[in-house]
Amino acid sequence: MALTRVHGMRTYYYLSVARKSLRSCSFQQKLFKSSAASPNVHVSSSIEEPGKHARESPPPATTKRHPNIDLSFTNAREAYRSKRTSELIRSLVVFNLCSINALVDHQALLLKWSRKILGKNLFRTFMKGTFYGHFVAGEDHETIKPMIGRNRQFGVKAILDYSVEEDMSSEDAKKAEMMSCISEDQPDDLPETGAGSKFRAHEEFGDRREKVTSARTYFYEDEANCDKNCDVFLGAIDAVSDATNKSGLAAIKLTALGRPQLLLQLSEVLCSIRNFFELYGSKEGDAILQKFREEDLTKTLNSMGISRQQAEWQKWFRVLDTSCDGEVDLLDWDNLLEINMSLSKLFVVPNLKTCKIEPLTTALSSTEEDQMKNMLGRINKIASYAKTKGCRIMIDAEQTYFQPAICRLTMEMMRKFNRESAVVFNTYQCYLKQAFKNIALDMAVAKREDFYFGAKLVRGAYMEQERERAAALKYEDPINVSYEATTAMYHDILEEVMKQINKRERGKISLMVATHNEDTVRYTVELMKKYGISPEDRLICFGQLLGMCDQISFPLGQAGYSVYKYVPYGPVEEVLPYLSRRAMENRGVMKKVKKEKHLLWTEIKRRIKSGEIRYKPDNNLPSSVML
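Everything numeric here is computed off the predicted structure, so don't read it as measured data.

Cut-offs applied
Numbering of residues begins from 1 in every chain and follows the order in which that chain's sequence is written. Two thresholds apply to this predicted model, a pLDDT of at least 70 for residue-level local features and 80 or more for giving and counting side-chain atom pairs, whereas whole-chain, interface and lining totals are computed over all residues. Hydrogens and water molecules were not included; the side-chain quantities draw on all heavy atoms of the structure. Runs of E in the DSSP output that reach at least two residues are strands. Runs of H or I that reach at least four are helices, and both are numbered from the N terminus. Throughout, exposure labels follow a simple rule: accessible area from a 1.4 Å probe, protein chains only, divided by the maximum for the residue type, with under 20% read as buried, over 50% as exposed, and the rest as partly exposed. Any two residues whose heavy atoms approach within 4.5 Å at even a single point are treated as in contact. Working definition of accessibility: Shrake-Rupley area with a 1.4 Å probe, residue cover restricted to the visible protein chains. All axes here are fitted lines through C-alpha atoms, helices being fitted over the stretch that makes contact, and every angle between N-to-C directions spans 0 to 180 degrees. Orientation is classified from the angle alone, with under 35 degrees giving roughly parallel, over 145 giving roughly antiparallel, 65 to 115 giving roughly perpendicular, and any other angle giving oblique. Here a crossing is called left-handed whenever its near helix is offset anticlockwise from the far helix by less than a right angle, and right-handed whenever the offset is clockwise. The nonpolar class holds Ala, Val, Leu, Ile, Met, Phe, Trp, Tyr, Cys and Pro. Asp, Glu, Lys and Arg form the charged class, and all remaining residues, Gly among them, are polar. Buried Ala, Val, Leu, Ile, Met, Phe, Trp, Tyr and Cys residues that are joined via side-chain atoms within 4.5 Å together make up what is termed a nonpolar core. Per-residue confidence from the prediction method is given by pLDDT, with values spanning 0 to 100. Any carboxyl oxygen of Asp or Glu that lies within 4 Å of a side-chain nitrogen of Lys or Arg is treated as forming a salt bridge with it. Strand pairing is assigned whenever DSSP identifies at least 2 bridges connecting the two strands. With the strands pointing away from the viewer, any crossover whose connection runs clockwise from the first strand over the helix to the second is right-handed. In this analysis, the expected span of each helix is defined as 1.5 Å times one less than the number of residues it contains. Two rings from Phe, Tyr or Trp (for Trp, the six-membered ring) form a pair when their centres sit within 6.5 Å of each other. Planes less than 30 degrees apart are called stacked, planes more than 60 degrees apart edge-to-face, and all others tilted.

**Observations regarding the overall build of the protein**
Step number 1: Secondary structure summary: the protein contains 22 helices and 12 strands in total.
Step number 2: Considering the protein as a whole, with its 627 residues, one finds that 57% of them fall into the buried category.
Step number 3: Across the protein, every contact between residues at least 6 apart in sequence was considered, and the portion connecting residues at least 24 apart equals 81%.
Step number 4: In the form shown here, the protein has an accessible surface area of approximately 27500 Å², with 52% of it arising from carbon and sulfur atoms.

**Structural notes on the packing of helix α15 (residues 403-417) against helix α16 (residues 435-449)**
Step number 1: Axis separation between α15 and α16 bottoms out at 11 Å; the angle between their running directions is 20°. It follows that α15 is roughly parallel to α16 by the angle criterion. For the crossing formed where α15 meets α16, the hand is right-handed. Contact with α15, carried on its side by C407, R408, M411 and R415, involves L441, D442, V445 and E449 of α16 and no other residues of that element.
Step number 2: Of the residues belonging to the contact of α15 with α16, the class tally is four nonpolar, no polar and four charged.

**Overview of helix α7 (residues 145-153)**
Step number 1: Listing the buried residues of α7 in full gives M147, I148, R150, N151 and R152.
Step number 2: In this fold, the buried residues of α7 make contact with α3 (85-98), β1 (156-162), α9 (223-243), α20 (550-558) and β12 (562-569).
Step number 3: Two residues or fewer after α7 comes G155, characterised by a positive phi angle close to 85°.

**Topic: the nonpolar core**
Step number 1: Counting residues in hydrophobic clusters, the biggest one holds 106 residues, and the most contacted among them are I393, F453 and L556.
Step number 2: Apart from residues no more than four positions distant in its own chain, I393 is found in contact with I237, A250, I252, I382, A383, A386, V423, V424 and F425.
Step number 3: Counting 31 residues, the second largest nonpolar core, distinct from the first, contains F123, V136, M512 and V575.

**Section: the confidence of the model for the protein**
Do not read the fine detail of predicted coordinates wherever pLDDT is low.
Step number 1: For the protein, mean pLDDT is 81; residues scoring 70 or higher make up 73% of the total.
Step number 2: Ranking the elements of the protein by mean pLDDT puts helix α1 (residues 2-24) last with 43 and strand β9 (residues 453-458) first with 98.
Step number 3: Throughout residues 1-15 the model reports pLDDT below 50, and contacts reaching past four residues in sequence, or to other chains, amount to 16 contacts.
Step number 4: Low confidence marks residues 17-57, where pLDDT is under 50. Its contacts with residues over four positions away, or in another chain, come to 54 contacts.

**Comments concerning the pattern of salt bridges**
Step number 1: In this structure the tally under the stated criterion is 37 salt bridges.
Step number 2: One salt bridge in this structure joins E476 and K433, with 3.7 Å as the shortest N-O distance. Placement of the pair is E476 in the loop between α17 (463-473) and α18 (483-503) and K433 in the loop between β8 (424-429) and α16, with a sequence separation of 43 residues.
Step number 3: The class for K433 is partly exposed, based on a relative accessible area of 34%.
Step number 4: In this structure, a network of salt bridges that share partners links the residues E412, R415, R419 and E449.

**Some thoughts on the pairing of β9**
Step number 1: With six of six residues buried, β9 lies mostly within the body of the structure.
Step number 2: Residue alternation in β9 divides its side chains into two sets, F453, A455 and L457 and G454, K456 and V458, and both sets are buried.
Step number 3: Pairing analysis gives four bridges linking β8 to β9, with the strands arranged parallel. Looking at the pairing, N426 lines up with A455 of β9.
Step number 4: On the question of chirality, the crossover connecting β8 to the parallel β9 by way of α16 is right-handed.
Step number 5: Strand direction decides the pairing type here: β9 and strand β10 (residues 509-514), joined by five bridges, are parallel. For A455, the partnering residue across the bridge sits in β10 and is L511.

**Remarks on the packing of helix α14 (residues 366-389) against α15**
Packed helices, taken two at a time, are described by the angle their axes make and the gap between the axes.
Step number 1: Where α14 contacts α15, the two axes come as close as 11 Å, and the packing angle between them is 40°. Judged by the angle between their axes, α14 and α15 are oblique. Once α14 is placed against α15, the crossing between them reads as right-handed. Together, L376, I379, N380, A383, S384 and K387 of α14 and L409, M413, K416 and F417 of α15 make up the contact between the two elements.
Step number 2: In the contact of α14 with α15, the residues fall into six nonpolar, two polar and two charged.

**Describing the sheet that holds β10**
Step number 1: Spatial ordering of the closed barrel is given by β1-β2-β7-β8-β9-β10-β11-β12, a layout of eight strands whose pairing is parallel. Averaged over all pairs of adjacent strands, the angle between their axes in this sheet comes to 30°, without regard to strand direction.
Step number 2: Sitting on the sheet, α9 touches β1, β2 (249-252), β7 (392-395) and β12, and the angle it makes with β2 is about 165°.
Step number 3: With respect to the sheet, α20 is in contact with β1, β11 (540-545) and β12, its orientation differing from that of β12 by roughly 130°.

**Section: the pairing of β8**
Step number 1: By the criterion of burial, β8 is predominantly enclosed, with six of the six residues buried.
Step number 2: Side chains V424, N426 and Y428 of β8 all project onto a buried face; the interleaved residues F425, T427 and Q429 project onto the opposite face, where all are buried too.
Step number 3: Where β7 and β8 come together, two bridges link them in parallel fashion. Paired with I393 across the two strands is V424, which belongs to β8.
Step number 4: Considered for its hand, the β-α-β crossover made up of β7, α15 and β8 is right-handed.

**Structural notes on α14**
Every α-helix winds through 3.6 residues per turn, so residues three or four apart in the chain are directed the same way.
Step number 1: If you check α14, its first and last C-alpha atoms are 34 Å apart, about what 24 residues at 1.5 Å a residue would give, namely 34 Å.
Step number 2: Of the positions making up α14, those classed as buried are E368, E369, Q371, M372, M375, L376, R378, I379, I382, A383 and A386.
Step number 3: G390 lies just past α14 and shows a positive phi near 70°.

**A few points about the packing of aromatic side chains**
Step number 1: As enumerated under the stated definition, the model contains five aromatic pairs in all.
Step number 2: Ring centres 6.2 Å apart and planes at 40° place the aromatic pair Y428 and F453 in the tilted group. On the criterion of sequence distance, the pair formed by Y428 in strand β8 and F453 in strand β9 is long-range, its members being 25 residues apart.
Step number 3: Overall, F453 belongs to the buried group, its relative accessible area being 1%.
Step number 4: Relative to Y561, the ring of F542 has its centre 6.1 Å away and its plane inclined at 75°; by these criteria the two rings are edge-to-face.

Next up, the structure:
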């Protein structure tokens, strides 16, 4: 009886706060209608690669069941079947607070004063009743279990992310970045702008958190801190195994596991050698799998009039030719990280102006070589542990000056650990001009070597920052020209992946469509029907953030589609930077939040009118949910 009274008082309190918040924010509006029509396919003239396959015929439609689902995503009752009324009111309060610009702009100061005025215990209680309770699952393995278990009952699984971040000032962040991204012997006369400046640290862009609202950032301190981060990720894998019954995934960020300078240097080497292959490699067969033969090298050197330096170039060629078959391709390069050799030999590139094989700005020092090997060891340890525990890991995408190295290292993990199932997933940012080419290359390598390929598609988190950096440093903007072009890229990649699913043995390719965009979700559902991919196949899944777009996640999950929520967890005080980003992100997507607020209020009113104010999710489970 006492517990019922407390629950009723809490609900009444939330409801009164919500009503005040709604009045202050002028929430009362006319009901709006949403169309369930499928979107048209957008094709950008700036995207060359996808157009090659636009007229291919799809396979016959599958005979498996495709569930009926309202793709307008306006069914409030279905969206919130898993939520208590107090949770709906809390969500409504949080979204309305995120809509107040003055509150979001001064949130850091307000949180600081709230901690001082309320004290530690009251502040924790306040946060758990508002922002923390809405966007974060709990503090540790045990406290997240009830929410994850309930979501699973309603068809939604979890990607776990230990979202603790250091609250570092911008000045300290820039200082840490510059110290960790500059080699011990780097010369002072390097060019500050141009293509070569992309893979070097620049102080004005040293704080990688600036103008980024949806991605966590790590700054290098020392090797001991990287070991600590590695242990955190291993703990997240334990949490996946324990709290999700191995149905979930753990999110991993490679910049947390080593000195970022090494990712910069490896990215520069990869891009330089890829450009060299594209210029001088054999044009026979599939361009994605171009080879560069020793005879091609000899012809190239003779045509350039530098045959006298042929011995030096051939030495470089033989370092890359790990299979000793007289051919080098990108596959050979990918295998190099498993070779027991000095890594400094890999950090060299062909300079076509000087006609010499040259190291990057400086060769790796012995200390840097050890740091690189430490990073590779941590990556291997995490992937190996995930496989041992029967869990999966998802490698996050980062800035374009790190991403070539991150992508190659992730492919190395796939090659090693995805032999029996998809343990490792890579992330592809569709706002990049090279996105289609990158994922097509990686799928081709996976097919050629016959390992499982796992991918997550996102639009991208660093657009504003990337554009400003490219403009300031005078290198080519890596971002698509418009949001529409990014959507076209996303949709083209979706279609290409589904074509490849049907060209390989079923189950060899798995894809997560990580988006809050309803049009893209609708487009994906229609493509699955077109290419004969049933929800029961468990080859395509959807992903959204915890606390956002429940009107997409739960109807899909309850209809039988594979759906995940990106679930942060961690102590209240230590996840405040994460909560700050969520407030900024919700303020920036007012149209979507407006729809969510409308649906929340609709469901609250329905429960009040129908006498379901004490609604219990456990009494309203879906008849059948496939996990």
